[in-house]
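# Inside the fold
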Amino acid sequence: MENSNEEIAADRVLSVEEGAEIKQRIAAQRSIKRWRWMGNYGDPTQAAAVANVDPPCVAGEVMFSVNGDLVPAWMFY
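Residues numbered from 1 in each chain as written. Predicted model: local features only at pLDDT ≥ 70, side-chain atom pairs only at ≥ 80, totals over all residues. Heavy atoms only, no water.

### Notes on helix α1 (residues 16–29)
Applied cut-off: Secondary structure elements follow DSSP: runs of H or I no shorter than four residues count as helices, runs of E no shorter than two count as strands, and numbering proceeds from the N terminus. Multiplying 1.5 Å by the residue count of a helix minus one yields the expected span of that helix. Only protein chains enter the calculation, and the probe is 1.4 Å; a residue is then buried if its accessible area is under 20% of its type maximum, exposed if over 50%, and partly exposed in between. Contacts were defined at the residue level, with two residues in contact if any of their heavy atoms lie within 4.5 Å.
In a regular helix each residue adds 1.5 Å, so 14 residues correspond to 20 Å; α1 covers 20 Å between its end C-alpha atoms and thus fits that length. Taken together, the buried positions of α1 are G19, A20, I22, K23, R25 and I26. Where α1 is buried, its residues contact β1 (13–14), β2 (35–41), α2 (44–51) and β4 (71–76).

### A look at α2
Put simply, the test is: Here the arc refers to the directions that run from the helix axis out to each C-beta atom.
Buried residues of α2: A47, V50 and A51, and no others. What you see down the axis of α2 is that its buried residues fit within an arc of 105°, all on one side. Among the structural elements, α1, β2, β3 (62–64) and β4 are those in contact with the buried residues of α2.

Right, dumping it as structure tokens:
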């Protein structure tokens, strides 16, 4: 993502690389763990790949909801 303060459209599908970059940027800015919406992905394996990027999510720290062609993801970190 070009601008780190850029808004992410709720209906935009993210790539693994974009999701991982967003996760690392947000994790670096905040020290308190909480649930965060991490965007829509094309399939559950992409969302799982982002969940495993540093800092990795452990059991119970990832929620997916399959909604047609979108897989919204929430992660606790």
